[in-house]
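# Topology and contacts: notes
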Amino acid sequence: MAKILIAGGGIGGLAAALATAERGHRVTVLERWDSFTELGAGIQLGPNAFHALDRLGVGEQVRARAVFIDELRFMDGTTDEKVQSMPLTGAYRERFGNPYAVVHRTCLFEPLLEACQARDGIELRANSPVARYEQDGTGVTAVLGTGERITGDVLIGADGIRSTVRAQMLGDGEPRVSGHTIYRSVIPMAEVPEDLRWNTVTLWAGPKWHFVHYPIGSGKYLNLAATRDDAATEAVAGVPADREHVLGEFPDLGPVARRLLELGRNWKSWVLCDREPADRWTDGRVALLGDAAHPMLQYAAQGACQALEDAVVLGALLDGPADEAVQRLEKYSAVRRERTAAAALVAREMGRQLYHPAGEAAAERNRMLRALSAEDLYHKVQWLHGERDFGSGSED
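Residues numbered from 1 in each chain as written. Predicted model: local features only at pLDDT ≥ 70, side-chain atom pairs only at ≥ 80, totals over all residues. Heavy atoms only, no water.

Another point: empty space enclosed by the protein. As enumerated under the stated definition, the model contains 1 cavity of 30 Å³ or more in all. By volume, the largest cavity is sized at about 40 Å³. Forming the walls of the largest cavity are Ala 2, Ile 4, His 25, Val 154, Leu 318, Gly 320, Pro 321, Ala 322, Ala 325 and Arg 328. For the lining of the largest cavity, a count of residues per class yields 7 nonpolar, 2 polar and 1 charged. (1 Å grid on protein atoms, 1.4 Å probe; cavity = no way out; pocket = protein on both sides within 12 Å on 5 of 7 lines; lining within 4 Å. Points joined across faces, edges and corners; volume = space filled by probe spheres on them. Nonpolar A, V, L, I, M, F, W, Y, C, P; charged D, E, K, R; others polar.)

So, about the sheet that holds strand β17 (residues 237–240). Strand order in the open sheet formed by 8 strands is β6-β5-β14-β15-β16-β13-β18-β17, with mixed pairing between adjacent strands. The outermost strands of the open sheet, each flanked by one partner alone, are β6 (82–87) and β17. Looking at each pair of strands side by side, their axes are set apart by 20° on average, direction ignored. Packed onto the sheet, helix α11 (residues 359–370) meets β5 (71–76), β6 and β14 (200–206) and runs at close to 35° relative to β6. (Pairing = 2+ DSSP bridges. Helix = DSSP H or I, 4+ residues; strand = E, 2+ residues; numbered from the N terminus. Axes fitted to C-alpha atoms, helices over the stretch in contact; angles between N-to-C directions. Contact = heavy atoms within 4.5 Å.)

Okay, the sheet that holds strand β20 (residues 286–288) next. Here 6 strands make up an open sheet; going across it, the order is β8-β2-β1-β12-β20-β19 and the pairing mixed. The open sheet terminates on both sides in strands that have one partner only, identified here as β8 (122–125) and β19 (282–283). Pairing geometry for β19 and β20, over 2 bridges, is antiparallel. From the neighbouring strand, Thr 282 faces β20, where its bridge partner is Ala 287.

All right, on to the packing of aromatic side chains then. Scanning all chains against the criterion turns up 9 aromatic pairs. Between the aromatic rings of Trp 198 and Trp 204, the centroid separation amounts to 6.2 Å while the plane-to-plane angle is 35°, which identifies the pairing as tilted. Note on Tyr 299 and Tyr 355: the rings are 5.4 Å apart at their centroids and 75° apart in plane angle, and the pair reads as edge-to-face. Taken together, the residues span a long stretch of sequence, with Tyr 299 in the loop between β20 and α9 (303–317) and Tyr 355 in helix α10 (residues 325–355) at a distance of 56 residues. In terms of burial, Tyr 299 and Tyr 355 fall into one category: buried. A network of ring pairs unites the aromatic residues Phe 74, Tyr 299 and Tyr 355 as a single cluster. Looking at Arg 73, its charged tip hangs above the ring of Trp 198, at a distance of 5.0 Å from the centre. (Phe/Tyr/Trp six-rings, centres within 6.5 Å; stacked < 30°, edge-to-face > 60°. Buried < 20%, exposed > 50% of the residue type's maximum accessible area, 1.4 Å probe, protein only. Lys NZ or Arg CZ within 6 Å of the ring centre and 35° of its normal.)

Bridge analysis of β5 against β6 gives 5 bridges, and the strand direction is antiparallel. Bridge pairing links Met 75 to Lys 82 in β6. Taken together, β5 and the strand that follows it, β6, pair antiparallel across an intervening segment of 5 residues, in which Asp 80 is found at a positive phi of about 70°.

It is worth spelling out the side chain of Gln 306 at this point. Relative to the elements of secondary structure, Gln 306 occurs in helix α9. Excluding residues within four positions of it along the chain, Gln 306 makes contact with Asn 48, His 294, Met 296, Arg 336, Arg 339, Thr 340, Ala 343 and Leu 384.

To continue, consider the layout of surface pockets. By volume, the second largest pocket amounts to about 210 Å³. Lining of the second largest pocket is provided by Leu 18, Ala 19, Glu 22, Arg 23, Arg 55, Leu 56, Gly 57, Val 58, Gln 61, Ala 115, Arg 119 and Val 312. Contributions of two or more residues to the lining of the second largest pocket are made by α1 (11–21) and α2 (47–56). Split by residue class, the lining of the second largest pocket holds 6 nonpolar, 2 polar and 4 charged.

Structure representation (structure tokens):
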């Protein structure tokens, strides 16, 4: 049995706590903020996320709060024409063994938190920001911002895109600013006209912009997210945005999509960031997980899904004595790096090739998408949505 320290009490950190505690380890989660909470709005969960959640013992709790989507719908945002859709019922669920769903981030976070609180082997500590780490041949010490020192056998950096653990380990500077600004709003479904209450994830693509919406909160709310390729150079998060400004950023939006965008209020903006895939995630007894290891743009809807997968693989590979921790962490890194790097790079390319083309490039995209059958689409997402061999830590 080992003592596992986890920097960061978000989705990835709590999932890692559950996965490692399940193997008999004692776990301390060190959260920088004064409470364990999750910010944000909607999040998409592919079948691979539910495979991981089931392994963590919280799959049913998340399903109880989720909205199961009928299809992913791709629209031409300037003409309101339906370009393509991928059905997510019937054959899709049979093929992938789990549903595709959307939730409010808290509906994913809270089951993880409640499961951690119910487990005797997990200690949750708020107001405990990890500033740096030290290690030797016998253990690793997390040094908090207060100067307090907490020693364990393993430290997992799950402390987000601006991870202090990563900064010490890799020293690779600030995240890469994508130049894309996203505006988010959540509104009550009661305010949405009945003819626009679709049980779909719908994406409207236009020249250097796209607009996504889907139901969350057990169908009680509509999540709106509109993204503009505006060459933003400064990373901002959660900054209020004036409604008229948001509407003015999407002048080419077709009539139906504009009706939906006009419903938004209390908009907030973020400038999207990611990082180049890292060649290593480990330093002796220290490893990275989730956004600290592989932050990615939202365009493949895999950020949280990949963090959940990380956690389950980590738990499987730490199923052994503390003196094998270094080798087991190295295997975890080796197993996960290629898959998460591919997901991150695909997310970038989806933004460039699918969501934001203009003119003839957009017309060619539409022709390409229209030529695909449902089976073609399932084949294209098989590598992402399919079940993983978590038990052995293998990605084969």
